[in-house]
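Here is how the chains run, residue by residue.
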There are 2 protein chains.
Amino acid sequence: MKTKPVGPIPAGYEAIGGELAIGGRRASELVAEAGRTPLFVYSRDLLGARVADLRAALPDRIGLNFAIKANPHPDVISHMEPLVDGFDIASSGEFTMTQAAGIDPARVSFAGPGKRDDELELAIAGGVTLNCESAGEAERSLAIGQRIGKAPRIAIRVNPSFELKGSGMKMGGGAKQFGVDADKVPSLAKQVIAEGAEWRGLHIFTGSQALSADAIIETQGNVLKLAAELSDSIGTMLPKLNMGGGFGIPYFPGDEPLDLKAIGQALHGYVADLPEALTNTELCLELGRYLVGEAGVYLCRVIDRKESHGTTYLVTDGGLHHQLAASGNFGTVVRRNYPVAIASKFGAEADDVVNIVGCLCTPLDRLADQAIMPRAGVGDIVAVFCAGAYGATSSPSAFLGHGPAAEMLV
Amino acid sequence: MKTKPVGPIPAGYEAIGGELAIGGRRASELVAEAGRTPLFVYSRDLLGARVADLRAALPDRIGLNFAIKANPHPDVISHMEPLVDGFDIASSGEFTMTQAAGIDPARVSFAGPGKRDDELELAIAGGVTLNCESAGEAERSLAIGQRIGKAPRIAIRVNPSFELKGSGMKMGGGAKQFGVDADKVPSLAKQVIAEGAEWRGLHIFTGSQALSADAIIETQGNVLKLAAELSDSIGTMLPKLNMGGGFGIPYFPGDEPLDLKAIGQALHGYVADLPEALTNTELCLELGRYLVGEAGVYLCRVIDRKESHGTTYLVTDGGLHHQLAASGNFGTVVRRNYPVAIASKFGAEADDVVNIVGCLCTPLDRLADQAIMPRAGVGDIVAVFCAGAYGATSSPSAFLGHGPAAEMLV
């Protein structure tokens, strides 16, 4: 029987009594507490450990921002509040979420190529930094600021001429809907400063989900160089530079964790030898997936075990309505298996080749293809790892009327 | 400048005063009534016209079911209620929606490979027909029926050995998570009948989104032949046969509408010469996308017009959070343009090459690539057609905190 590997299970998960444990608690206990499957479980310990690893590796000079789009669950945002320095939002809806968590708007910056006027007004009134994506958006922001009598806090998002090599999604290099082409940044910056904006500096985001430390190191070097050049051209120092992120996590067979130590060493070197123009600039990295992705697990229950033409299917009550990316339908061309396990038989001998599928009436609804698992049947619990980022909110939860999954932070 | 064609705009849309009109009302008027963009507009007239076309083409002997998963908006379900014969649901959530529309559960059938016990109980208690997907599900249904003192109404979903050629999604042929392999159907049918289920017949669904009338005609012939053979093997007549659907709509450049007349003629021939075993069998087709897809339009507003390295972007307040399939991220390998137009300049001369994108911070958020459009700017309204099926509920509406689109039936 042909088999396909599953992705690597992240560090930090253990078996207790033959079950997957998250934050020291068994899967069955967590499901009982939630009262149902499917269920996303996010681990406080793993969220904290990831931030601690970053703090240990990175220079103190470089702050950490959390891009809440990766996981805007209220308990996750509140847990991250004291752990990180800043928060990146992508809509007024996300601004409301930071407000609900009591986060000072001065710590919040707002990026996104299609900010509506009402969103700009809410952000300007609240004192959020706008990562401005175009000359048109800058004009609208200045006009709104004038109208409501408050100077907008404006940084400019730069579309650099280089990209983050090997990243899952490129956001720089060539024509893009994001940011302002680098060569047009100085004149726009001078204009917004002249027209009374509170100048907040630059945002340079080049890509996401890169697993190569070398690529990230090279890109961060380019980011600092470009920021210094632009600062010189603008003729005013940059109060802040959001250096972007792009730190990836291993999802698929063969993926290796990012070499954080190497990145940290390189950034120590960069900081020790900062270009003159950036001497007084506040620096930060913007991370989403890397902070929260591996700290989350999606649990669903086996509803049926069936054979069809010699193939065994485990049909679960979960599916792509909560795990679109794991099903292979979000930004991937060739479907590969995420890290998946039988949570109720975690660590048991794996000798059963199964297709694990969701409950939806579509052949797209796949959680693991031809995976070798411990033998499981009706009632067993399946775990999909790397579910802490771009899971619950990045999936079509209204599809087929099953509704959203439960979510809990433990 | 390299350009890419957009898909064919469906019939039934006109320009009034230089604007796209839906149901005789201008886009700007509809947006004003909804109070905002993004907005899905569904046309009563076009829904009705499609059903009328089907009734005219098909033999009276073949009923029409609406698979509400394609568009479960309450007003759409209520509008379809008197127009079609039956309703197919995929979850207990969808059952609740049919109940809210006052639909007799006797007209409802429930398919889906992962029906939970609580869903089965609700359906059995309500008198819904279960399209049973496995021996295990049949056993659970019978046990629940015994417990609550009500015989479950059971049809068996068949996994046939043939598939619908050229369909966008195949649901038959080889190993599948859907239904019961054809060779195992007779023994299971005999068992459920012997154990006291109310026998409802067979459900044979072979694929979806096919544009070839020949393929559909061939498949429907195979479906009738298989149903007759299975009926003979079971030794009991089939009260009902759900023949599936698979009728596709044109989305992409070069796609041609389905030749409904040819399908109708062939079905007239099949019905005139039905196998003996099916003489008294109620027949129906199950359609979703074909009934509602072309009757819906997604309207969003241009928030920014920007240039990057010589490419023009129209950034809208819409995006893949409402139009996942149109963005190319749901079941497609190579992205092609859906039918897209500038609704506020409908029919105007097209001489501007633009990338139309959504408001999300991801390069996946594309609505039209390198499309030739009338020149549009901030405030103009973009229309994405073929938005009546698998749009609002099949997209990650919580992604980045923008929330769902408005929806209206006109």
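Here the structure is a predicted model, which means the values were calculated and not measured. (Residues numbered from 1 in each chain as written. Chains lettered and ligands numbered in written order. Predicted model: local features only at pLDDT ≥ 70, side-chain atom pairs only at ≥ 80, totals over all residues. Heavy atoms only, no water.)

Along its length, chain A carries 10 helices and 22 strands. Relative to a compact globule of 410 residues, whose C-alpha radius of gyration would be 22 Å, chain A shows 23 Å and is just as compact. Projected onto its principal axes, the C-alpha positions of chain A cover 70 × 45 × 35 Å. Buried positions account for 64% of the 410 residues belonging to chain A. (Helix = DSSP H or I, 4+ residues; strand = E, 2+ residues; numbered from the N terminus. Rg over C-alpha atoms; globule rule 2.2 N^0.38 Å. Buried < 20%, exposed > 50% of the residue type's maximum accessible area, 1.4 Å probe, protein only.)

With 67 residues of chain A in contact, the opposing surface of chain B contributes 67 residues. When chain A packs against chain B, the two sides together hide about 5,200 Å² of surface, and 61% of this comes from carbon and sulfur. At the boundary of chain A and chain B, one finds zero salt bridges. Elements that contribute at least two residues to the side of chain A that touches chain B include exactly α4 (92-100), α6 (135-148), β9 (153-159), β10 (169-170), β16 (296-308) and β17 (311-316) of chain A. Considering every element that reaches the side of chain A that touches chain B, the biggest residue donor is β16(A), with five residues. Residues belonging to the side of chain A that touches chain B are distributed by class as follows: 26 nonpolar, 23 polar and 18 charged. (Contact = heavy atoms within 4.5 Å. Buried area = accessible area lost by both parts, 1.4 Å probe. Salt bridge = Lys/Arg side-chain N within 4 Å of Asp/Glu carboxyl O. Nonpolar A, V, L, I, M, F, W, Y, C, P; charged D, E, K, R; others polar.)

The topology assignment puts B:Ala262 in helix α9 (residues 260-272). Those residues in contact with B:Ala262 that lie beyond four places of it in its chain are B:Ala213 and B:Ile217.

Quick look at the environment of A:Val410 now. Residue and element names in this part refer to chain A. In this fold, valine 410 is placed in the segment after β22 (406-409). Sequence separation between valine 410 and arginine 25 is 385 residues; the distance between their C-alpha atoms is 8.4 Å. Here valine 410 is in contact with Ile22, Arg25, Leu30, Val41, Tyr42, Ser43 and Arg44, once residues within four sequence places are set aside.

Tallied over the full model, the rule gives 37 salt bridges over all chains. Across the salt bridge formed by A:Arg116 and A:Asp118, the nearest N and O atoms sit 2.9 Å from each other. Judged by relative accessible area, A:Arg116 falls into the partly exposed class, the value being 22%. Of the residues examined, A:Asp118 reaches a relative accessible area of 45% and is grouped as partly exposed. Here B:Arg305 makes a salt bridge to B:Asp352, at a shortest N to O gap of 2.9 Å. With B:Arg305 in strand β16 (residues 296-308) and B:Asp352 in strand β19 (residues 352-357), this residue pair connects regions lying 47 residues apart in the sequence. For the pair B:Arg305 and B:Asp352, one class covers both residues: buried.

Residue and element names in this part refer to chain A. Domain annotation for chain A reports domain 1 (14-42 + 294-409) and domain 2 (72-287). Computed over C-alpha atoms only, the centres of domain 1 and domain 2 are separated by 34 Å. Tallying the contact residues gives 10 residues for domain 1 and 10 residues for domain 2. Roughly 1,100 Å² of surface becomes buried between domain 1 and domain 2 when both sides are summed, with 69% attributable to carbon and sulfur atoms. Inspection of the region where domain 1 meets domain 2 yields zero salt bridges. (Domains from an automatic or database assignment.)

The operation relating chain A to chain B is a screw motion whose rotation component is 180°, with 0.0 Å of axial translation and a residual RMSD of 0.0 Å. In symmetry terms, the pair is related by a two-fold rotation axis. Residue A:Pro396 of chain A places its C-alpha closer to the rotation axis than any other residue of that unit, at 1.9 Å. Most of the interface of chain A is mirrored in chain B: 100% of its interface residues are interface residues there too. (Least-squares fit on C-alpha atoms with pLDDT ≥ 70 in both.)

On to α9(B), then. Think of an α-helix as 3.6 residues a turn; residues three or four steps apart then line up on the same face. The terminal C-alpha atoms of α9(B) lie 18 Å apart, and with 13 residues this matches the ideal 18 Å at 1.5 Å per residue to within 8%. Buried positions along α9(B) lie against α2 (44-57), β5 (62-67), α8 (213-234), β15 (282-287) and α10 (289-292) of chain B. (Expected span 1.5 Å × (residues − 1).)

The next point concerns a nonpolar patch on the surface. A cluster of nonpolar residues, A:Val333, A:Val334, B:Val333 and B:Val334, forms a patch on the protein surface that exposes about 420 Å² of accessible area. Along the chain, B:Val333 falls in the loop between β17 (311-316) and β18 (340-342). Judged by relative accessible area, B:Val333 falls into the exposed class, the value being 62%. (Patch = residues over 30% accessible without salt bridge, like charges linked within 9 Å, V, L, I, M, F, W, Y side chains within 5 Å. Areas by Shrake-Rupley, 256 points an atom, 1.4 Å probe, with all protein chains shown as cover.)

Before going further, it helps to spend a moment on the nonpolar core. Judged by nonpolar contacts, the single largest core of 251 residues is most densely connected at A:Leu299 and B:Leu202. Every residue in contact with B:Leu202, bar those within four places of it in the chain, is listed here: B:Ala155, B:Ile156, B:Val158, B:Val185, B:Ala227, B:Leu230, B:Leu238, B:Lys240, B:Leu241 and B:Asn242. With 19 residues, the next largest nonpolar core counts B:Leu20, B:Val41, B:Ala343 and B:Val410 among its residues. (Core = buried A, V, L, I, M, F, W, Y, C linked by side-chain atoms within 4.5 Å.)

On to unusual backbone geometry. Residue and element names in this part refer to chain A. Put simply, threonine 37 and proline 38 share a cis peptide bond, and its omega is -10°. Of note in the backbone geometry, glutamine 370 takes a positive phi value of approximately 45° without being a glycine. Mapped onto the elements of the fold, glutamine 370 is located in strand β20 (residues 366-373). Phi at cysteine 386 takes a positive value of approximately 60°, unusual for a residue other than glycine.

Residues and elements named next belong to chain A. Regarding α4, the residues found buried are Ser92, Glu94, Phe95 and Thr98. Burial along α4 is one-sided: seen end-on, the buried residues are contained in an arc of 155°. At the N-terminal boundary of α4, the capping side chain belongs to serine 91, with an oxygen 3.3 Å from the backbone nitrogen of glycine 93. Positive phi shows up at glycine 102, right after α4, with a value of about 75°. (Arc of directions from axis to C-beta. Polar contact = N/O pair within 3.5 Å; in protein donor to acceptor, adjacent residues only side chain to side chain.)

Moving on, we come to the packing of helix α7 (residues 185-194) of chain B against α8(B). All names here are of chain B. Closest axis-to-axis distance for the α7/α8 pair is 9 Å, and the angle between their directions is 50°. Judged by the angle between their axes, α7 and α8 are oblique. Where α7 crosses over α8, the handedness of that crossing is right-handed. Only Leu230, Ser233 and Ile234 of α8 make contact with α7, whose side of the interface consists of Val185, Pro186, Ala189, Lys190 and Ile193. When the residues that make up the contact of α7 with α8 are grouped by side-chain class, the tally is six nonpolar, one polar and one charged. (Axes fitted to C-alpha atoms, helices over the stretch in contact; angles between N-to-C directions. Parallel < 35°, antiparallel > 145°, perpendicular 65-115°, else oblique. Left-handed = near helix turned anticlockwise from the far one by under 90°.)

So, on to the sheet that holds strand β3 (residues 25-26) of chain B. All names here are of chain B. Strand order in the open sheet formed by three strands is β1-β2-β3, and the pairing between neighbours is antiparallel. Across the chains shown, the open sheet's two edge strands, defined by having one partner strand only, are β1 (14-16) and β3. Note that β1 and strand β2 (residues 19-22) share three bridges and pair antiparallel. Opposite isoleucine 16, over in β2, you have glutamate 19 as the bridge partner. (Pairing = 2+ DSSP bridges.)

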